[in-house]
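# Observations on chain architecture
In case you want the letters, here they are:
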Amino acid sequence: MSEGIIQPDQPEPIEGHAGDKDLFSKFDDIIALREGLLATGQTDPFNLVMEKVLSPTRAICNGRETILLGTYNYMGMTFDPDVVEAGKQALADFGSGTTGSRVLNGTYQGHKECEEALREFYDMDHAMVFSTGYQANLGIISTIAGKGDYIILDIDSHASIWDGCAMGNAEVVPFKHNDIEAMEKRLKRIPEDAGKLVILEGVYSMLGDVAPLKEMVAVAKKYGAMVLVDEAHSMGFIGEHGRGVVEDAGVIDDVDFIIGTFSKSVGTVGGFCVSNHPKFEIMRLVCRPYVFTASLPPSVVATAATSIRKLMHGSNKRAHLWENSKNLHKGLRDLGFKLGTEEPQSAIIAVIMPDLQQGAAMWEALIKNGLYVNLARPPATPANMTLLRCSLCAEHSEEEVGQILDIFEKSGKEIGII
Amino acid sequence: MDRAQVDAKIRELAEPFNKKGVTITEETTFQNDLEFDSLTVMDFVADIEDEFDIIISMNQQAEIENYGQLVDAVNKLQADA
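Attention in this report is confined to the structure presented alongside it. It should be emphasised that the depicted structure is a prediction, and the values quoted were computed from it without experimental measurement.

Attention now goes to the packing of helix H3 (residues 109-122) of chain A against helix H11 (residues 298-311) of chain A. Residues and elements named next belong to chain A. The N-to-C vectors of H3 and H11 enclose an angle of 20°; their axes lie 9 Å apart at closest approach. As far as their axial angle goes, H11 and H3 are roughly parallel. Viewed along their axes, H3 and H11 form a crossing whose handedness is left-handed. Of the residues in H11, those touching H3 at Gly110, His111, Glu113, Cys114, Ala117, Leu118 and Phe121 are Pro298, Val301, Ala302, Ala304, Ala305, Ile308 and Arg309. Looking at the contact of H3 with H11 residue by residue, the class counts come to 10 nonpolar, 2 polar and 2 charged.

The structure is reproduced here in structure tokens:
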């Protein structure tokens, strides 16, 4: 699920008020909620500025050196010397931007090299780079599932998946989060001859839990559905070659499309889809979010390609990141915090707060004590939980994880929740 | 199954979700009167789908605002199934 921290992932109809002239009146409830929270003297958790960024794990916020534990910068590639150098070189050689669509003047050598790196990384036939991960989901989903087709998806899917569904004309059928039986029941009831697309995520980013892909992909195939898996939060980290939960579960050859992003482990911005579908290349002409937008700047695709190639050989970093995840999970549990998963399943550890007030207060205590985490609150969160979402980095040292735990202990005691 | 039987069955399924004990008429709305949030809607719809062995897609759900419309939709879907 989402990075959209104050919005539900699934778009909800907004109630209009007849006779209102101000189109903004539909936002009055959320304006009031926000003002109410800030009136208590609470620092705005959604208005933080990183004044300086020192490394993948450190920044200056409010003049204070802060440990970053909420960046999705899982593999710490943002300051990798080779990655930075590739970007500088491309900026010098190819300029600051392409000023054009991929299908017109916006495909440079770097875009092709980036797609080649992705094909090698995933060992797949086709790779298509989008300007963001959001657009990759929006574009692929809305284009391949059309009128009369069915999309069967997890209710906790990311906002970009829901928006892709909303933009297309397919019938949309959600099922309960990670519930294999609920998914199968729905597939069984869909007309046999209808086109079917099952959409799953490897790691769900709210609680950091992993999908039972082995079972779910098998069920989808049993009913003749195509399968799309969003591996945004697992690339570079989960699976032997870092190809994601699909690789770890041994089903990568059975999925039709993998969607990913450059804005997490890869350490820049952009999105992609890889596939072995023999007709996949036609997507470049029919997928509107690919066609009707400018392509990524040359420096971005150069940093992405360099980073992806380095991630192929990142097994030591992967091992260290798992250690960090295990240590943080155990440490927080020992301190008495309630966590989103019983065992660490990814590089995301979600700390469940009793309510929004205490969650916001805890967030503020952490930032004042020098630690940044993501505050996630209803309606973006499952079951209306307030979460402090921690995402670890392979560049966090063992000592840093210890410091993080000390800050959690100090802050939790200040707020009185442990 | 006729409309009255479908109505009776859905009323039974709605009961555990109707926390405030609102009296349900044909005009009762799910969002305003019953105050169902999106998670409640999902669980309620799943129960109906399982009971009648049908699918009510989100596209169809978007057309349904009140209880009467739901009974009509389910009645039609189960007759077609």
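Read on, since the account is not over.
Here we take up helix H5 (residues 159-167) of chain A. Residues lying three or four places apart along an α-helix face the same way, a consequence of the helix completing one turn every 3.6 residues. Of all 9 residues in H5(A), 7 are buried; the element is thus mostly enclosed. Three or more residues of H5(A) are buried, namely Ala159(A), Ser160(A), Ile161(A), Trp162(A), Asp163(A), Gly164(A) and Cys165(A).

This part takes up the sheet that holds strand E3 (residues 64-68) of chain A. Residues and elements named next belong to chain A. The strand order E1-E2-E3-E15 describes an open sheet built from 4 strands, whose pairing is mixed. Of all the strands in the sheet, the pair left with one neighbour each is strand E1 (50-55) and strand E15 (371-372). Taken together, the 2 bridges between E3 and E15 define a ladder with parallel strand orientation. The partner of Leu68 across the bridge, within E15, is Tyr372.

For the rest of this paragraph, the subject is the pairing of strand E5 (residues 150-154) of chain A. Residues and elements named next belong to chain A. Most of E5 is tucked away, with 5 of its 5 residues classed as buried. Along E5, one buried face is formed by Tyr150, Ile152 and Asp154 and the opposite face, lined by Ile151 and Leu153, is buried too. By the bridge criterion, 4 bridges tie E5 to strand E7 (residues 196-201) in an arrangement that is parallel. Among the inter-strand pairings, Tyr150 is bridged to a residue of E7, identified as Lys196. Sheet topology places E5 next to strand E6 (residues 171-175); 5 bridges connect them, and they run parallel. Among the inter-strand pairings, Asp154 is bridged to a residue of E6, identified as Phe175. Handedness of the crossover joining E5 and E6 through H5: right-handed.

With that settled, the discussion passes to the sheet that holds strand E13 (residues 338-339) of chain A. Residues and elements named next belong to chain A. Taken in spatial order, the 4 strands line up as E13-E14-E17-E16 in an open sheet, and their pairing is antiparallel. At either end of the open sheet lies a strand with only one pairing partner, and these are E13 and strand E16 (374-376). Bridge analysis of E13 against strand E14 (residues 348-353) gives 2 bridges, and the strand direction is antiparallel. Among the inter-strand pairings, Lys338 is bridged to a residue of E14, identified as Ile352.

This next bit is on the interface of chain B and chain A. If you look at the interface, chain B gives 11 residues, while chain A gives 15 residues. Secondary structure elements with two or more residues in the side of chain B that touches chain A: helix H2 (38-52) and helix H3 (58-61) of chain B. Tallying contributions element by element places H2(B) first for the side of chain B that touches chain A, with 5 residues. The class makeup of the residues in the side of chain B that touches chain A is 6 nonpolar, 3 polar and 2 charged.

With that settled, the discussion passes to the nonpolar core. Residue and element names in this part refer to chain A. Among the nonpolar cores identified, the biggest contains 144 residues, and Ile151, Ile152, Leu213 and Val351 are the most heavily contacted of them. Two domains each put at least three residues into this core: domain 1 (37-75 + 314-415) and domain 2 (81-311). The contact partners of Ile152, leaving out residues within four places of it in the chain, are Val173, Phe175, Met183, Arg186, Leu187, Lys196, Val198 and Ala225.

Scoring rules and cut-offs
Residues numbered from 1 in each chain as written. Chains lettered and ligands numbered in written order. Predicted model: local features only at pLDDT ≥ 70, side-chain atom pairs only at ≥ 80, totals over all residues. Axes fitted to C-alpha atoms, helices over the stretch in contact; angles between N-to-C directions. Helix = DSSP H or I, 4+ residues; strand = E, 2+ residues; numbered from the N terminus. Parallel < 35°, antiparallel > 145°, perpendicular 65-115°, else oblique. Left-handed = near helix turned anticlockwise from the far one by under 90°. Contact = placed C-beta atoms within 7 Å. Nonpolar A, V, L, I, M, F, W, Y, C, P; charged D, E, K, R; others polar. Buried ≥ 20, exposed ≤ 12 C-beta atoms within 10 Å, placed from the backbone. Pairing = 2+ DSSP bridges. Right-handed = clockwise from strand over helix to strand, strands pointing away. Core = buried A, V, L, I, M, F, W, Y, C linked by C-beta atoms within 7 Å. Domains from an automatic or database assignment.

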